[in-house]
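These are the residues of each chain, in order.
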2 protein chains.
Amino acid sequence: MQAFTFYNPTKVYFGKNAIDNLAKELNNCGKNILLAYGGGSIIRSGLYDTVTAICARCGKTVYEVSGIMPNPRTEKVYEGIEICKKRDIDLILAVGGGSVIDCCKGIAAGAKTERDFWQAFYRNKEECLAATPIGVILTLPATGSEMNSGSVVTKWDENLKTDYTSDCLYPRFAILDPTYTYTLPRNQIVYGAVDTLAHIFEQYFSAPDDGNPSDYISEALIENVRDNVGKALENPEDYDARSNIMWDSTMALNRIIGCGKNQDWNSHMIEHSLSGFYDIPHGAGLAIVFPNWMRYVRGNCLKRFVRFAVKVWGVDPAGKTDDEIALAGIQAVQDYFASIGAPTTLTEVGIPAERIPEIAAKVELTPGGYAPLTVDDVIKILQAAV
Amino acid sequence: MQAFTFYNPTKVYFGKNAIDNLAKELNNCGKNILLAYGGGSIIRSGLYDTVTAICARCGKTVYEVSGIMPNPRTEKVYEGIEICKKRDIDLILAVGGGSVIDCCKGIAAGAKTERDFWQAFYRNKEECLAATPIGVILTLPATGSEMNSGSVVTKWDENLKTDYTSDCLYPRFAILDPTYTYTLPRNQIVYGAVDTLAHIFEQYFSAPDDGNPSDYISEALIENVRDNVGKALENPEDYDARSNIMWDSTMALNRIIGCGKNQDWNSHMIEHSLSGFYDIPHGAGLAIVFPNWMRYVRGNCLKRFVRFAVKVWGVDPAGKTDDEIALAGIQAVQDYFASIGAPTTLTEVGIPAERIPEIAAKVELTPGGYAPLTVDDVIKILQAAV
């Protein structure tokens, strides 16, 4: 394994009634809480009442930032920062999925500086020296943001969706109760699963291929997601399936499977540009991009794609060339996405081919896990996805 | 997945020259360092000189506790506690394997209390409220102690080897350089691998069997250990193999694969009693106990043993009953231990059958992962191991 640093201090409370740990955590922080949430599903589910009652019992004063949208935007971050500074917030309590948590990380970083959060952190990647502590109550398993230090925020007027990472931004605690996911709409289960798998793929399909534990664990997680998503779609209250999926999504991006890997993330960068232009769900964009990215880059890491096809997707290698085996594995991924109801073409989500060059030009390309991509490469990948 | 809490704040620096991170960590702590090590292999390897030079450059005053033996004993812990109290130690730097680290955890807990460390923590399991910070430089991958909060110490005059766990005892940082393991004697590679596998088994062979990610990850880690140990035995300077084994051993007991599992640990308890009477290597004792424990309990969890046999050890199920499949998998484990040179009988390590009742009576039995054991059960397991 090549050199890495691993550090993840988030405390996770997992299971039915994990919310019972909230009071203990609140008693370890100051009086002023910023409660952050999305479009109101937590009000309908009763979680809002539960959380505010616990806060009240702990003697906390609760301020709110609500209406945080999918692909959270800079406006909401500024709104939260203003409250933090004005109200001397001691803890930001993010109740929701990755969008709410990511927005809260922007707020947390911006609250402790005079710098503009967007320019300083998300654009210029300056160091974050302090942040308001964050606690998470997760309702949508997908992004892993509940147990990592990364955040993605969108500046809509520039069609720019970009990320920022800092050790300051690990949530102090995360409460993961799988029963909160019982009422999720079907497409959110699907997009969450695609996002989880995509996170694993970004780390798995990258050098070095030294047979390290991270790759073996990645394969285990892919199999576990696949073995459980169908059950959750069939029976939304299947606790085992829901809980397995929830922990898979956290494990997919809590840095464990990135240990010793270069990591790629270009498929995510391409998707960020898609949803920076067209406000499509992140998981939908990933389902469209990933199989086409795989086909485009497979020649750079054919052995890995062969292993993936045979070991993870059960492709029979008999009578096939390595490239045919690799392509069969990639087709299995695309077929799987389609089978659970994810889109696999740009047409399905209403993105026309003629906007591809403009979208591709905006992609913030990474060095890549096996080989770098150019804007021209991105255009070809997206053209194959029409 | 059933409810669990996961928390692990240890920062891991992994890879060639990971020692370059030591100065940064030392600059974050006070002036007085207690350097703890074992029998002098770090002096012969030059690591002692490297570490003391870095401490000197950082302006630290270094005190020492050395000669920490395998199966570390209370005497050494008392020696370290006395230095900590007298010299106002700010950081305990454990340079070695699990025995050195475990001894340092006893020292760290005892240094911050007026209570007797053995009585209060290891015997009475009282809460540890504060501990001296610990840093680790690992030279022997096996116990996972570098990234967990547990410790095992032996009171030799009572033939009692017992454990203690506290969130206070997570090392602040751990430096893992696989090249430090190049010079390990062959039997330490073998016993380290057995210990790693045994840690995985203790967690894997326990209820609930809800198809959770922990089980899938456990299987991945078992396969990774098996794919790499032979390479390391054949070529001691195979960096990939060494590094994979090193990270496997850490992952086997950093609490990740215990998430959502009852865990068993009775094989470890039996081994602790063996090495509490006969000072045999922990890994040797585990290789003797585990296959016999597996055969004894298999009826309580036959489905799990069938899965293990087929998925992990490639047992062909055709024409076999479930019990035959399970037994073939268990035999594969025992054959594997023998193939890498681990003992598989008590006779091989000089433990006579007539002492079994006395050894069994001293085992600190746990509730068990599938079913509890009695002293009589332990006697039968050990009799099968003669």
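Scroll up a little and you will see the structure.
It should be emphasised that the depicted structure is a prediction, and the values quoted were computed from it without experimental measurement. (Residues numbered from 1 in each chain as written. Chains lettered and ligands numbered in written order. Predicted model: local features only at pLDDT ≥ 70, side-chain atom pairs only at ≥ 80, totals over all residues.)

A. Spotlight on the nonpolar core. Among the nonpolar cores identified, the biggest contains 248 residues, and A:A36, A:I92, B:A36 and B:I92 are the most heavily contacted of them. Leave out the neighbours within four places in its chain, and A:A36 touches A:V65, A:I68, A:G80, A:I92, A:L93, A:A94, A:V95, A:V100, A:C103 and A:C104. (Core = buried A, V, L, I, M, F, W, Y, C linked by C-beta atoms within 7 Å. Buried ≥ 20, exposed ≤ 12 C-beta atoms within 10 Å, placed from the backbone. Contact = placed C-beta atoms within 7 Å.)

B. Up close: the interface of chain A and chain B. In this complex, chain A contributes 35 residues to the contact, which on the side of chain B involves 35 residues. If you list the elements that add at least two residues to the side of chain A that touches chain B, you get β1 (4-6), β2 (11-14), α8 (213-234) and α9 (239-251) of chain A. Of all the elements, α8(A) adds the most residues to the side of chain A that touches chain B, at nine residues. Split by residue class, the side of chain A that touches chain B holds 19 nonpolar, eight polar and eight charged. As paired elements, β2(A) and strand β1 (residues 4-6) of chain B share three bridges and run antiparallel to each other. Opposite A:F14, over in β1(B), you have B:F4 as the bridge partner. (Helix = DSSP H or I, 4+ residues; strand = E, 2+ residues; numbered from the N terminus. Nonpolar A, V, L, I, M, F, W, Y, C, P; charged D, E, K, R; others polar. Pairing = 2+ DSSP bridges.)

C. Region of interest: the relation of the copies chain A and chain B. Of the transformation placing chain A onto chain B, the axial shift is 0.0 Å and the rotation is 180 degrees, giving an RMSD of 0.0 Å. These values place the two chain copies in the arrangement generated by a two-fold rotation axis. Within chain A, the C-alpha atom positioned nearest to the axis of rotation is that of A:P9, 2.1 Å from it. Mapped onto chain B, 100% of the interface residues of chain A again fall at the interface, so both copies present the same surface. (Least-squares fit on C-alpha atoms with pLDDT ≥ 70 in both.)

D. Local environment of the environment of A:N28. With respect to the helices and strands, A:N28 occurs in the loop between α1 (22-26) and β3 (32-36). Considering only alpha carbons, one finds A:N28 and A:G110, 82 residues apart in sequence, at a separation of 22 Å.

E. Spotlight on unusual backbone geometry. Here the bond from A:A207 into A:P208 is cis, since omega is -10 degrees, no more than 30 degrees from zero. Tracing the chain through its elements places A:P208 in the loop between α7 (186-204) and α8. Of note in this structure, A:R255 is not a glycine but carries a positive phi near 85 degrees. In this fold, A:R255 is placed in the loop between α9 and α10 (266-277). With 19 C-beta atoms packed within 10 Å, A:R255 lands in the partly exposed category. The phi dihedral of B:D88 is positive, around 55 degrees, even though this residue is not glycine. Inspection of the secondary structure puts B:D88 in the loop between α4 (74-87) and β5 (91-96).

Honestly, it's all geometry; don't read function into it.
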